[in-house]
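Residue-level listing of the chains:
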Amino acid sequence: MRRIVIGVGNPSRGDDGAGLEVARRVRTRGSYQVVCGSYEMIDVWEGAEDVVVVDAARSGSLAGTVHRFEAHSEPLPGGVLATSTHSIGVADAIEMARSLGRLPERLVVYGIEVQDVTPGAGLTARVERAVDEVVREIDGA
Amino acid sequence: MSDAEREIAVDYLARVEGEGAMYLKLRGDEVLDLRFKIFEPPRFFEAFLRGRRFSEAPDITARICGICPIAYQTSACNAMEAAAGVKLTGGLRDLRRLIYCGEWIESHALHVFFLHAPDFLGYQSAIAMASDYPEQVAMGLRMKKIGNAVMTLLGGREIHPINVRVGGFYRVPTERELEALVPDLEWARDAAVATTRWVSGLTFPDFERDYEYVALSHPDEYAIHEGRMVSNRGLDIAVEDWSEHFEESHVSWSNALHARRKDGGAYHLGPMARYSLNSHLLTPMARAAAAEAGLGPTCNNPFQSIVVRSVELVFACEEALRLIESYRRPPTPFLEVEPRAVTGHGASEAPRGTLYHRYAVDSDGFITEAHIVPPTSQNQLSIEEDLRAYVPGRSHLSDDELQWQLEQAIRCYDPCISCATHFLDLTVERE
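Just so we're clear, the structure is a prediction, and the values are computed from it rather than from any experiment.

S.K.: Looking at this structure, how should I read the overall build of chain A?
M.R.: A count of helices and strands for chain A gives four helices and five strands. In chain A, the succession of α and β elements from N to C terminus is β-α-β-α-β-β-α-β-α. For 141 residues, the compact-globule estimate of 2.2 N^0.38 gives 14 Å, and chain A sits close to it at 14 Å. For the C-alpha atoms alone, the extent of chain A along its principal axes is close to 40 × 30 × 20 Å. Here chain A holds 141 residues, and the buried ones make up 45% of them.

Shown next as structure tokens:
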């Protein structure tokens, strides 16, 4: 079963880089880093049966909270993942793929609740710990 | 309802690039107040270009837009090359045009299928549309991907390309690398013909305006990356004379400067302008697709811009194929450009209209002044005039229906607010 991990975020915006950091650290071969969420994600997971997407979340939960969704079985709840006015969000890309019948068999989405997205800032300690937790979970799976 | 004041407000316009709003106050058919608001904060690109090397302008300005970075890079390169008296020819010129075709394909496919088509079919988003029109949406995705592939091959990556430089490119592709794009581009060209046929069958509001169309024009080709600035009302100027004929002013409701003709008013940039001024120079299949779609030599119904954009998709694919077929790898990837202490002007046809740059450079090659005039900021006045003209005779519509149609009127322009801010919310208020 072909498995890929896709990290989404902006590495120049503090905790928004969390998803990219996870994709960089996981042992899973063929992990991708996608700077912005977009419809192109549908092409990235083409041919893979087991896909993990990691993005930043902004739902109002405590920073560092890890949300986990099984997107192959139901749509993501609205308003959780961080979105961008300049491209298509992860939730949109997933719903587009669902409409087109191009969802992978298994699609797990992690959302890491951000604290600080100041340009140029690194990951905050809470988000750093959440990144470790998600990396362990993906590698252990 | 006819004599009551109504207010229609959209605080956050959907399916436009960036952040903007619309506010409309009317009494019956009379528009009391109308504002196309751009509230996205300014980004000060012109200020931080000062003190940078002339050679950095294409890379810095590419960051203004993730949809049309090639337009920024090309206008910046044109300005710097004009300042230095350098002109690209042969294969280098062809590659500059080819990468721009890639951007037109990517940007137009995004707009036609994902931003604009849902308006005509009654969907709030392309996602909602996808379950009923999977074939079209999949087609749009694939066309967009093919445009991106052209940009990636020539630009190093699809967003904010890194291989474009003043004088040409850092590396030029081999003939064989370009030939690999041919099967996909042939598919995209045929898909664009089918798209034109499909969108020409949509229902368009009965609405036409007598625009002053402004676009670049070139005697031998449908202008994309260079030309003289012309209009259907007699304007015919070199790009360097822009500031003698156009002026910008600030209005309180927009973070993007409004532009107008000095001796006139609003003008209209983009696919409709290009088509109306240059349709005789389209490639054969694009011309045939336009004729089959029922377009005359000009088009004045902004809602039909989706048809014109589709015709331009056919053109961009055909033109890309032609450029690839005749391509011979240039002996050097770029021409040396020595800075001179002069002001350089550059313009090119971004997917949504003419993008003008002006830079003053000192004798050491440092930028002392930068001026960037994006198409969306120039179209603001025309957008407001369209909205103002659209309401009379339609005030019987419910707030929801009127708002939907007015938002659609704005989206006809494929506004890129991020570029313009230097924006969209919609409020309709009825008295």
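Alright, that's what it looks like, and here's the rest.
S.K.: Teacher, can you tell me more about the environment of A9 of chain B here?
M.R.: All names here are of chain B. Assignment of secondary structure puts A9 in strand 1 (residues 5-10). Of the residues examined, A9 has 18 C-beta atoms within 10 Å and is grouped as partly exposed. Through-space distance from the C-alpha of A9 to that of A21 is 7.7 Å; in sequence the pair is twelve residues apart.

S.K.: Sorry, what's going on with the confidence of the model for chain A here?
M.R.: Reading predicted coordinates in detail is not appropriate for stretches of low pLDDT. Taken as a whole, chain A shows an average pLDDT of 86; of its residues, 90% reach a score of 70 or greater. Looking over chain A, one finds the lowest element-wise mean pLDDT in strand 2 (residues 32-34) of chain A, namely 73, and the highest in helix 4 (residues 125-140) of chain A, namely 95.

S.K.: Where do I start with helix 6 (residues 134-155) of chain B in this structure?
M.R.: The periodicity of an α-helix, 3.6 residues per turn, causes residues three or four positions apart to be oriented the same way. The end-to-end C-alpha distance of helix 6 of chain B, which contains 22 residues, comes to 31 Å, matching closely the 32 Å that a straight helix rising 1.5 Å per residue would cover. Positive phi appears at G156 of chain B, one or two residues downstream of helix 6 of chain B, with a value of about 90 degrees.

S.K.: When you look at the sheet that holds strand 11 (residues 343-350) of chain B in this model, what are you seeing that I'm missing?
M.R.: What links the strands of a sheet is backbone hydrogen bonding, and the strands pair in either a parallel or an antiparallel sense. All names here are of chain B. Pairing is antiparallel in the open sheet, where three strands are placed in the order 11-12-13. Two strands close off the open sheet at either side, each with one partner strand: strand 11 and strand 13 (367-373). Between one strand and the next, the sheet's axes are offset by a mean angle of 15 degrees, whatever the strand orientation. Direction of pairing for strand 11 relative to strand 12 (residues 353-361): antiparallel, over a ladder of eight bridges.

Rules behind the numbers
- Residues numbered from 1 in each chain as written.
- Chains lettered and ligands numbered in written order.
- Predicted model: local features only at pLDDT ≥ 70, side-chain atom pairs only at ≥ 80, totals over all residues.
- Helix = DSSP H or I, 4+ residues; strand = E, 2+ residues; numbered from the N terminus.
- Rg over C-alpha atoms; globule rule 2.2 N^0.38 Å.
- Buried ≥ 20, exposed ≤ 12 C-beta atoms within 10 Å, placed from the backbone.
- pLDDT = per-residue confidence, 0-100.
- Expected span 1.5 Å × (residues − 1).
- Pairing = 2+ DSSP bridges.
- Axes fitted to C-alpha atoms, helices over the stretch in contact; angles between N-to-C directions.

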